[in-house]
Amino acid sequence: MAFRDDINKEFAQILKKRDNVVKTGAVSLFGDLQVNTPVDTGELRDSWQPPERLGLLNWRISNIAPHAYVIDGGRRQTMVGGTMKWVCSEQLPKGFQPIIDKFEPKLQRELDKIK
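Below, the structure is looked at part by part. For every chain, the first residue of its written sequence is number 1, and the numbers climb from 1 along that sequence. A pLDDT threshold of at least 70 governs which residues receive local features in this predicted model, and a stricter bar of 80 or more applies before side-chain atom pairs are shown or counted, although totals over entire chains, interfaces and linings include all residues. The basis for the side-chain values is all heavy atoms of the structure; hydrogens and waters are excluded.

**With respect to the pattern of salt bridges**
Here is step 1: One speaks of a salt bridge when a side-chain nitrogen belonging to Lys or Arg is within 4 Å of a carboxyl oxygen belonging to Asp or Glu. Considering all chains together, one arrives at 4 salt bridges under this definition.
Here is step 2: Measuring nitrogen to oxygen at the nearest pair gives 3.0 Å for the salt bridge that ties Arg18 to Asp19.
Here is step 3: In this structure, Lys106 engages Asp32 in a salt bridge whose closest nitrogen and oxygen atoms are separated by 3.9 Å. With Lys106 in helix H4 (residues 97-112) and Asp32 in helix H1 (residues 2-36), this residue pair connects regions lying 74 residues apart in the sequence.
Here is step 4: The exposure class assigned to Lys106 is partly exposed, which follows from its relative accessible area of 35%.
Here is step 5: The rule is simple: take the accessible area with a 1.4 Å probe, protein chains only, and divide by the maximum for that residue type; under 20% is buried, over 50% is exposed, in between is partly exposed. Judged by relative accessible area, Asp32 falls into the partly exposed class, the value being 22%. Strands are runs of DSSP state E lasting at least 2 residues, helices are runs of H or I lasting at least 4, and numbering of each runs from the N terminus.

**Re the layout of surface pockets**
Over the atoms rolls a probe the size of a water molecule, and its path tells where empty space is left.
Here is step 1: In this structure, the largest pocket spans a volume of roughly 270 Å³.
Here is step 2: Cavity: a set of points on a 1 Å grid over the protein atoms alone where a 1.4 Å probe fits but cannot get out. Pocket: an open set with protein on both sides within 12 Å along at least five of seven lines, its lining residues, like those of a cavity, having an atom within 4 Å of a point. Contributing to the lining of the largest pocket are 19 residues, with Leu29, Leu33, Trp59, Arg60 and Ile61 lying nearest its centre.
Here is step 3: If you list the elements that add at least two residues to the lining of the largest pocket, you get H1, strand E2 (59-63), helix H3 (68-73) and H4.
Here is step 4: All residues other than Ala, Val, Leu, Ile, Met, Phe, Trp, Tyr, Cys, Pro, Asp, Glu, Lys and Arg, Gly among them, are scored as polar; the first ten of these are nonpolar and the last four charged. For the lining of the largest pocket, the residue count by class is 13 nonpolar, 4 polar and 2 charged.
Here is step 5: Grid points are joined across faces, edges and corners, and a volume is the space filled by probe spheres set on the points. Roughly 160 Å³ of internal volume is contained in the second largest pocket.
Here is step 6: If you trace the second largest pocket, you find it lined by Pro38, Val39, Asp40, Thr41, Gly42, Glu43, Leu44, His67, Ile71, Ser89 and Gln91.
Here is step 7: Its residues assigned to classes, the lining of the second largest pocket shows 4 nonpolar, 5 polar and 2 charged.

**A look at the nonpolar core**
Here is step 1: By nonpolar core we mean a set of buried residues, namely Ala, Val, Leu, Ile, Met, Phe, Trp, Tyr and Cys, connected to one another through side-chain atoms within 4.5 Å. With 12 residues, the main nonpolar core is built from Leu29, Phe30, Leu33, Leu44, Trp48, Ala65, Ala68, Ile71, Leu92, Phe96, Ile99 and Phe103.
Here is step 2: Contributing elements (two or more residues each) for this core: H1, H3 and H4.
Here is step 3: Among the elements that line this core, the one with the most residues is H1, at 3 residues.
Here is step 4: Contacts are assigned to residue pairs that have any heavy atoms within 4.5 Å of one another. Not counting the four nearest positions on each side in its chain, Trp48 is found in contact with Phe30, Leu33, Gln34, Thr37, Ile61, Ser62, Asn63 and Phe96.

**Brief notes about H1**
Here is step 1: With 35 residues, H1 extends 51 Å between its outermost C-alpha atoms, agreeing within 8% with the 51 Å of an ideal straight helix rising 1.5 Å per residue.
Here is step 2: Of the residues making up H1, those classed as buried are Asp19, Val21, Val22, Gly25, Ala26, Leu29, Phe30 and Leu33.
Here is step 3: Residues of H1 that are buried sit in contact with strand E1 (48-53), E2 and H4. In this analysis, the expected span of each helix is defined as 1.5 Å times one less than the number of residues it contains.

**Here's the deal with the packing of H1 against H4**
Here is step 1: Closest axis-to-axis distance for the H1/H4 pair is 10 Å, and the angle between their directions is 155 degrees. By the angle between their directions, the pair H1 and H4 is classed as roughly antiparallel. As for the relative orientation of H1 and H4, their crossing is right-handed in sense. Residue-level inspection shows Arg18, Val21, Val22, Gly25, Ser28, Leu29, Asp32, Leu33 and Asn36 of H1 in contact with H4, the latter providing Ile99, Ile100, Phe103, Lys106, Leu107, Glu110 and Leu111.
Here is step 2: Classifying every residue of the contact of H1 with H4 by side-chain character gives 9 nonpolar, 3 polar and 4 charged. Lines are fitted to the C-alpha atoms to define the axes, a helix being fitted only along its stretch in contact, and any angle between axes, read from their N-to-C directions, falls within 0 to 180 degrees. Should an angle fall under 35 degrees it is called roughly parallel, over 145 degrees roughly antiparallel, and 65 to 115 degrees roughly perpendicular, with every other angle called oblique. Note on convention: near helix rotated counterclockwise from far helix by under a right angle means a left-handed crossing. Clockwise means right-handed.

Interpretation note: all reported values are geometric properties and have no functional meaning in isolation.
As structure tokens, then:
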């Protein structure tokens, strides 16, 4: 029975480490998104909501600025010279996805270190 208890203890420690890495990652991504958010009036940068835990490994980071979806989508329709055209954010033409793409390998490296 002691061997099983040792295995269960070790497994619980691994899960705790994993949870801490994911939580730390969510906080880190939140910071990266804030720092890399373009600033005109500051509303978009100031509208990031702290990471919210939704489940075991699920976290939500959201931005409540009305125009956040436009920046994140990278493009919007607007009137240019009397014609509707698609334009994108000059500072983040691909939205926030490149920031997330850069973050994901960092998180994976940290998860791979868990023993």
